[in-house]
Amino acid sequence: RADTIVGLTLPPSGSEDSDALLEEKGLIRPAMLTVCDAREVEGRRYMRLRSRYASWRGPFCDVDETSWTPALASSLGWSRMQRLRMRAAGQTLLDFWVDEASLLSLFGAVHMLHRPAASTATSVTELDRQKGAEQVRLLVLPASDEAGGSSTRVQMCVQAPGAQEVGFSLSRFEWSSCTAPAPLLSLVVRDVWTAELDLREGIYHVEFFLPAEASKGPLLNNETTSEASVGASNGMRGGSIAAAGDGEAELNSAEAESVANGSAEATEATVEAEEADAPPLSCSLFVSHAQPVQLGEVRDVLRDALSVHSQTVSGTTKEVPPLSWAVALAVTLKPKASGTMCVTIRPPGSLPASCCRLHAVDDATGESTRVVGFCTGPVACSDASGVTLLLDVKAPAGKTPLSAGEWHADIVSDVEVEISAAELGEASLPLEQYSPNTDYRLFRSTLSSSASCSAVVHVACEGFPSAKLTLRQLRVDAEPAEAGLDRATSVIRAVTGVGCVTMHGLLPDGAPGGALLECVVDRHCAALLELPNRPVQGLVDAPPTAADEEAGEPGEDGAETKPARGTTDLSWRLLAVAPGDVTVEKDAAFYQSLDALKSTWEAAEAGRASRAKSMREAFLAHSRDDAQPASSAAAPVRRRPLSESQSARVLSAEDWEAAAAGTSEERVEAHKKVCEAAAALRAQLLERSSAASLAELAAAKEGEVRLREASARSSSHCDGLVASLLPAACTAQEA
C-alpha cells in the first residue's frame, strides 16, 4: 500500500488550438491520469501514466518507431512488440510512457494524496465472480471535534482489482427501516478511487457489487450544477466532484489510479485467469478519520456499536406445480424480552414477487398482518408471545412449475430473539363434490395440532372459479337440546375470496377438539350459479329435451349424458399447513346426532328402519312402472332435478303438495300441461317477433327501391347538362 498517490490533470480549457493539440495527442478533458512509474535513463526523465479516457498518440506511443530503441525499452521494462500484438488482437491497453518534454507542455497540475497519520480502519471483502452477490459492510463515524460542526471529514480509499470493475456505494443505514435510502455515492472502480468526504456522524451502509455493465464514471446523488456534475456526466473519474445526498455530504476528491499490472505477460495471465475458474475478487476499503472509526461486517458492527442483534436463517423451498397453492417458508421468532425487530426475507430467484404474500402472525392471538414486500419493518415484540412469518405462493398458469430454491431470512433486533426455520406439516381433505344443502355449505371440519402453532388453511374450488367463498372459524356456544339438531355456533372470524380463500393465524390448540371451520358459498353467488339446495324435493318428471336426446342414454352405447339441470360440477379441496403436526377431519357431530335420533326411533319401534327401506323401494319401483303406460306412444320420461328458482317458476308449494299426494299418472299429466303452456307461450312470442322482422324487412326493401330511383333521376339530369354544354364549348374552342 502506497503512502502517496500521484495524479496529473490537464490545464483548463483555453484556445481552440490547445484543444486541438490535446485531441491530436489522444488526451481529453477533464480526465485525471494516474502516475504509475517514474524513471531516469541516461539523463532523461520518463513517466508511465494510466487512464481509460486517454489514447496516447504522442512521442513514445506504442507505434512510435523513431523514439523507441531496444536499449530504452529494456531499461524501462517495456515489451513494446508484445503490446503491439495485444493491440492487434483487440485488447485495450490503458498505460503508456511519456517524456519530460511532453509532461511540461501538455499537463497543468500534479495532485498528491498523502495517507494522514490518524485513525484508519480497513476492510477486505471478496466478491464471487459467478454469483455476483453483494458484500455489505457498516461504517460508524464518531462526532466531530469542531464546535458546532454538523459534519466530520473522512478520507476514503477504495481499492479494486485491476482485472475487473467493481461497484461501490455509500448510503445512510437504519436497521429498522424496510426501505433502503438513496445512495449518497455510487461509482464503479477498477483500480483505486480516493476521496475526502464531509459526512455527518452516524452509521453508513457500504456495499461492494459486480456491476451489470461497465460504467463510465461515478454516479452521485447531486442536484447541483457544479464542475463535479459536469465531469461525472462526461465520464470523468477524477477531478473536483461534489455530492449532496440528504444535503449532508459534500466531497472534494482527487482520484488516482494505482500502478498497472506490470508487464504484458501479467496482462495475458490475467486474461487467461478470467476465462478459467477465476478466484473471488478481492476489494479493500480504507477509511481515515481524526477519531477512531468502526468498519466491519454488519453483525459485528451492530453488536458492538448499537447493541443490536443480527441473525440469519435459511432453508429450501419446494417445487410448486402450476395453479397450485403452497406455503414456501415459515420462520418462528420468540423474543426473550420486549423490544423491536425487523425481518427481511430473501426468497429464491425462482419465486417472483407477484406470486408471493408475506404474513406476520401473532402466536398468542392469531392476528395476521399482511406485509407489503419482503421486509416487515419495525415490529414490536414481547416475551409473552412470538411471531411466525409465513410466505405463501400461488403458482401461475402454464406448464412450468415454480422450481425449488434456497431462501434466507435476515433478522435485526434490539433484544435477543430465538429464531428457527419451522418444519411444515400438511394435512388435506381429498377433492370432493358439492352436496346440495340449504346453507350452500361446502364442508364443516375440525383442525387440530399436537403443538401450539399458527396454521394456514386454504380452500380452492374447481369448476366454478368465480364462486365467492367464505371461510369461517366457529365457536360452539351450546350443544343440541335434542337428538337430530345441530349445535349452536357463532362466528369468531371470517375471510372471503373468489375461487379460493385462505385464512392465516389459526390456533388449533386454542379450543377443545381443535378449531371448527366452515366454508360456504355466498347465497347471491349461488343463485347466479344455480347451485341446488334441495336434493330431494326438486325432483320432477319431465320428458327428455333435444339436448338429452343428442347425448344418448348412458350404459347402452357408452354415450355420456350431460349433467342434469340443477346439478353442479363444483368441487372443493382443503389444504392445511402448520409449523408442526396438523390434522383435518370432517365434523361428525351433526351426523352423530342424526344417528342418535334414528336409534331412539328404532328402540321405540323395533324394525322401523327395515320397513321404511322396503316401502321406499316399493314406491320407487311402482313410480317407474306407472311413469310409462303401455298404451302411451309418448317419449320415455326421464327424471331431472330442478333448482329452487326453476321450481318456483313452474310449481308453487301447494302444487308440490298436490303432486306428491297424487298418483304417478296425475303428476305426469300436470307436468305435461305446464310444458304445453310454456310451448304455447314460446310460439306466441316467436310469431310476434317474426311479424316484426318481416315488417322491418319490407320497409328496408321499399327504401332501397326509392334510393335507386332517385339515383337514376340524378344521373339522367347530369347527362342532359353535359349534352347541352358540349356544343357551346366546341364552338368557343374553334373560335
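As the structure is a prediction and not an experimental result, all values here were calculated from the model.

Enquirer: Which parts of the structure should I look at to understand the pairing of strand β23 (residues 387-394)?
Expert: The side chains of a regular strand alternate between both faces of the sheet. Of all eight residues in β23, seven are buried, a share of seventy percent or more. As defined by bridge partners, strand β18 (residues 325-335) adjoins β23 across eight bridges and the pair is classed as antiparallel. Its bridge partner lying in β23, V327 is registered against D392. Where strand β20 (residues 356-362) lies against β23, seven bridges are found, and the strand directions are antiparallel. Note on β23: the bridge partner recorded for L358 is L391.

Enquirer: Help me understand the sheet that holds strand β19 (residues 339-346), please; the structure alone is not making it clear to me.
Expert: Either a parallel or an antiparallel arrangement is found when strands of a sheet pair, and the pairing is made through backbone hydrogen bonds. Taken together, four strands build an open sheet; the order of strands is β17-β24-β19-β22 and the sheet is antiparallel. Because the sheet does not close on itself, it has two edges, and the strands there are β17 (309-316) and β22 (379-381). Each strand of the sheet is rotated relative to its neighbour by a mean of 30°, with strand direction disregarded. Alignment of β17 against strand β24 (residues 406-413), held across eight bridges, turns out to be antiparallel. Within β24, the residue paired with V313 across the bridge is A409.

Enquirer: I'm lost on the confidence of the model for the protein chain in this one. Help?
Expert: Any region with low pLDDT has predicted coordinates that should not be read closely. Of all residues in the protein chain, 72% attain a pLDDT of 70 or more, and the chain-wide mean is 74. Low pLDDT (under 50) marks residues 214-276, which in the prediction has 134 contacts with non-local residues, meaning those over four places away or in another chain. Low pLDDT (under 50) marks residues 536-567, which in the prediction has 58 contacts with non-local residues, meaning those over four places away or in another chain.

Enquirer: Whenever I open this one, the nonpolar core confuses me. Can you help?
Expert: In summary, soluble globular proteins display a tendency toward joint burial of nonpolar side chains. Grouped together as the largest cluster of nonpolar side chains are 33 residues, with contacts concentrated most on L442, L447 and V457. When near neighbours in sequence (up to four residues on either side) are disregarded, L447 contacts A455, V457, L506, P508, G514, A515, L517, A576, V582, T583 and V584.

Enquirer: Can you walk me through unusual backbone geometry in this structure?
Expert: Most peptide bonds take the trans configuration, and most residues that are not glycine carry a negative phi. Notably, L323 is not glycine yet its phi reads approximately 60°, a positive angle. Not every positive phi belongs to a glycine, and Y440 is a case in point at roughly 55°. Within the secondary structure, Y440 sits in the loop between β26 (425-433) and β27 (441-449). Here Y440 falls in the buried class, since its relative accessible area comes to 6%.

Enquirer: Sorry, what's going on with the sheet that holds β20 here?
Expert: Strand order across the open sheet formed by five strands is β21-β20-β23-β18-β25, with antiparallel pairing between neighbours. Because the sheet does not close on itself, it has two edges, and the strands there are β21 (368-371) and β25 (417-421). Pairwise comparison of adjacent strand axes, ignoring direction, gives a mean angle of 20° for this sheet. Strand direction decides the pairing type here: β20 and β21, joined by four bridges, are antiparallel. Paired with A360 across the strands is T369, a residue of β21.

Enquirer: Quick question: what am I supposed to make of the packing of aromatic side chains here?
Expert: In this description, an aromatic ring pair is defined by two values, namely the gap between the centres and the angle between the planes. All told, the structure shown has seven aromatic pairs when counted by the stated rule. The rings of Y46, F60, W68, W78 and W97 are connected pair by pair, giving a single aromatic cluster. Lying across the ring of Y204, R172 places its NZ or CZ 4.9 Å from the centre.

Enquirer: Sorry if this is basic, but what is going on with the side chain of T502 here?
Expert: Along the chain, T502 turns up in strand β31 (residues 500-506). Polar side-chain contacts of T502 include one of 2.7 Å to the side chain of H458. Discounting residues that sit within four places of it in the chain, T502 has contacts with W325, R357, D392, V456, V457, H458 and V495.

Enquirer: Mind showing me how you'd approach the pattern of salt bridges here?
Expert: When charged atoms on two side chains of opposite charge get close, those side chains can pair. Overall, the coordinates contain 26 salt bridges when judged by the stated rule. Measuring nitrogen to oxygen at the nearest pair gives 2.8 Å for the salt bridge that ties D62 to R87. Note that D62 is positioned in the loop between β3 (44-50) and α2 (70-76) and R87 in helix α3 (residues 80-88), a separation of 25 residues in sequence. The class of R87 is partly exposed, set by a relative accessible area of 37%. For R153, the salt bridge identified is with D198, shortest N-O distance 2.9 Å. Pair noted here: R153 is in strand β8 (residues 152-159) and D198 is in strand β11 (residues 192-199), with a separation of 45 residues, a long-range link.

Thresholds applied
Residues numbered from 1 in each chain as written. Predicted model: local features only at pLDDT ≥ 70, side-chain atom pairs only at ≥ 80, totals over all residues. Heavy atoms only, no water. Buried < 20%, exposed > 50% of the residue type's maximum accessible area, 1.4 Å probe, protein only. Helix = DSSP H or I, 4+ residues; strand = E, 2+ residues; numbered from the N terminus. Pairing = 2+ DSSP bridges. Axes fitted to C-alpha atoms, helices over the stretch in contact; angles between N-to-C directions. pLDDT = per-residue confidence, 0-100. Contact = heavy atoms within 4.5 Å. Core = buried A, V, L, I, M, F, W, Y, C linked by side-chain atoms within 4.5 Å. Phe/Tyr/Trp six-rings, centres within 6.5 Å; stacked < 30°, edge-to-face > 60°. Lys NZ or Arg CZ within 6 Å of the ring centre and 35° of its normal. Polar contact = N/O pair within 3.5 Å; in protein donor to acceptor, adjacent residues only side chain to side chain. Salt bridge = Lys/Arg side-chain N within 4 Å of Asp/Glu carboxyl O.

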